[in-house]
Each structure stands twice: as C-alpha cells, then as structure tokens.
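# Observations on the three-dimensional arrangement
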Amino acid sequence: DTGVSQDPRHKITKRGQNVTFRCDPISEHNRLYWYRQTLGQGPEFLTYFQNEAQLEKSRLLSDRFSAERPKGSFSTLEIQRTEQGDSAMYLCASSFTQTLQETQYFGPGTRLLVL
Amino acid sequence: AQSVTQLGSHVSVSEGALVLLRCNYSSSVPPYLFWYVQYPNQGLQLLLKYTTGATLVKGINGFEAEFKKSETSFHLTKPSAHMSDAAEYFCAVSRPWSSGSARQLTFGSGTQLTVLP
C-alpha cells in the first residue's frame with residue numbers, strides 16, 4: 001500500500017508565473033484535502049474533495065487558486081499569478097470515510113518558493 | 001469555531017527524560033483530537049487520536065496523550081525520550097465525524113522537540 005505522493009517536491013518560480021501541483025492519494029481513499037503550511041506554523045486547511053466534488057473551500061483560497069479532482073483520483077492545485085506570499089509548503093492528505101474512523105494520511109508536501 | 005494552542009514552540013529534553021508537550025483546545029462541540037509528528041522535509045505522520053471512549057490514548061513510538069475535558073487539554077507524553085524523537089509535533093482538532101460534515105483539521109503552531117545526548 002503506497003502512501004500519498006506529491007509532485008513536485010520543490011518548486012521555485014518567479015512572481016507572476018503560474019504553478020501546478022499534483023497529489024496522488026492512497027488508492028480507494030474517497031476524500032482528499034489540501035493544506036498550506038508556512039514557516040513556523042501549523043498547516044492551514046485550503047479545500048477538500050469527496051470523490052470528484054469540491055465540497056468546501058477556505059477563505060484562504062483566493063480566486064488565484066483553483067483545485068480539481070477530475071476523476072475522483074489524483075488532484076491538482078494551481079496557483080495563478082504567484083505572489084511572494086504564496087511561498088509555503090503545500091500538503092495533501094487523503095482519507096477513507098466509509099467508516100466513522102476517518103484518519104487523514106499526509107503526503108510529503110510540495111515546497112514552493114516565489115522569487 | 002475551533003482553535004488549538006501549543007504552549008512552548010521549542011522544548012528540549014535529555015535522552016531518557018520525560019517528554020511533555022502541551023496542547024489546549026477550544027471547541028464549541030465535543031472535539032476529536034490528534035497529535036501528528038513531522039520530520040524535516042517530510043509530511044505529517046499520525047501519532048495518536050482521541051475520538052470517544054477511553055480518555056488515555058496510546059499511540060506509536062511509546063507516546064500517549066490524555067483528554068481532559070475539564071481542562072480542555074490533550075497533552076502528549078513519553079516516559080523516556082530517544083534521539084529519534086527529535087522532530088516537530090502538531091496538535092490538531094476536528095469536528096466530530098458525522099455523515100457529510102467537513103472534517104478538516106485545525107492545527108496548533110507546533111512544538112519543536114530537541115533531544116539532548
């Protein structure tokens with residue numbers, strides 16, 4: 001059973017460029033979450049999917065951010081017109097909710113640096 | 001709304017000494033509580049969780065935590081620290097699980113544990 005994977009692990013970009021991150025959840029996990037973690041802070045919730053439906057978005061998710069999970073499997077998070085304040089670690093987590101004992105399993109994260 | 005406060009952003013202990021990492025929460029509903037550990041350049045790994053039932057919860061690597069409703073606390077302990085325990089530890093809270101509800105985690109700001117030889 002492979003864990004949650006994220007690609008790329010590191011991304012350096014210039015301000016104003018667009019970036020896209022990918023998350024592959026544990027197979028058969030129906031929920032997928034995106035979090036953002038800035039230096040010295042805990043992760044903050046951005047958005048989550050149940051299968052292919054995006055059910056909730058945080059106020060942190062400005063209109064420059066968009067997330068998709070087209071077939072209920074992998075997910076992408078795109079940031080348009082990046083700003084220096086977007087520099088952070090972007091974490092993906094997945095879970096299985098057919099029982100009440102939901103546990104979120106986290107990927108290694110994508111570290112973004114905007115110059 | 002829910003929030004988590006972790007007292008002490010940095011904690012140092014000697015190898016073999018007791019580890020105590022503090023977590024207090026605020027929640028308008030009975031919370032579910034979690035401790036995660038993060039090693040450098042890695043994602044978060046679940047140490048233990050409290051949902052319902054026994055308030056003393058045992059996790060991996062010899063860690064345990066006790067849910068104290070009257071104190072709104074969920075402190076993490078380990079009787080004897082090991083060098084490999086050096087990492088960042090996050091306490092988190094979520095709303096109780098019920099069909100259809102969002103279950104995102106709200107994290108504290110973390111405690112960096114250093115283990116001295």
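First, a word on what this report is: a plain description of the structure on this page. Quick caveat, the model's predicted, so the values are computed rather than measured. (Residues numbered from 1 in each chain as written. Chains lettered and ligands numbered in written order. Predicted model: local features only at pLDDT ≥ 70, side-chain atom pairs only at ≥ 80, totals over all residues. Heavy atoms only, no water.)

## Remarks on the overall build of chain B
What chain B contains, in helices and strands, is zero helices and twelve strands. Walking chain B from its N terminus toward its C terminus, one meets helices and strands in the order β-β-β-β-β-β-β-β-β-β-β-β. For 117 residues, the compact-globule estimate of 2.2 N^0.38 gives 13 Å, and the C-alpha radius of gyration of chain B, at 14 Å, lies within 12% of that figure. In terms of principal-axis extent, the alpha carbons of chain B reach across some 45 × 30 × 20 Å. Classification of the 117 residues of chain B by burial places 46% in the buried group. When the accessible area of chain B is evaluated, it comes to approximately 5,300 Å², of which 53% is carbon and sulfur surface. (Helix = DSSP H or I, 4+ residues; strand = E, 2+ residues; numbered from the N terminus. Rg over C-alpha atoms; globule rule 2.2 N^0.38 Å. Buried < 20%, exposed > 50% of the residue type's maximum accessible area, 1.4 Å probe, protein only. Areas by Shrake-Rupley, 256 points an atom, 1.4 Å probe, with all protein chains shown as cover.)

## A word on a nonpolar patch on the surface
Taken together, the side chains of A:Ile12, A:Leu113 and A:Leu115 make up a nonpolar region of the molecular surface, amounting to roughly 300 Å² of accessible area. Note that A:Leu113 resides in strand β11 (residues 110-114). (Patch = residues over 30% accessible without salt bridge, like charges linked within 9 Å, V, L, I, M, F, W, Y side chains within 5 Å. Salt bridge = Lys/Arg side-chain N within 4 Å of Asp/Glu carboxyl O.)

## Looking at the state of the cysteines
Residue and element names in this part refer to chain A. On inspection of all chains with the given rule, the structure shows two disulfides over all chains. With a sulfur-sulfur separation of 1.8 Å, Cys23 is cross-linked through a disulfide to Cys92. Taking the sign of the torsion about the S-S bond as the criterion, the disulfide between Cys23 and Cys92, at about -65°, is left-handed. One end of the pair, Cys23, is in strand β3 (residues 19-24); the other, Cys92, is in strand β9 (residues 88-95), with 69 residues separating them in the sequence. Exposure remark for Cys92: the relative accessible area of 0% places this residue in the buried category. (Disulfide = S-S within 2.5 Å.)

## Quick word on the packing of aromatic side chains
All names here are of chain B. Taken as a whole and judged by the stated rule, the model has 15 aromatic pairs over all chains. Consider the rings of Phe63 and Tyr89, whose centres lie 5.5 Å apart with planes at 45°: the pair is tilted. Here Phe63 is found in the loop between β7 (56-58) and β8 (64-68), whereas its partner Tyr89 is found in strand β10 (residues 87-94), with 26 residues between them in sequence. Given the relative accessible area of 0%, Tyr89 is considered buried. Between the aromatic rings of Phe90 and Phe107, the centroid separation amounts to 6.3 Å while the plane-to-plane angle is 90°, which identifies the pairing as edge-to-face. Taken together, the residues Phe90 in strand β10 and Phe107 in strand β11 (residues 106-107) connect sequence positions 17 residues apart. Each member of the pair Phe90 and Phe107 is classed as buried. (Phe/Tyr/Trp six-rings, centres within 6.5 Å; stacked < 30°, edge-to-face > 60°.)

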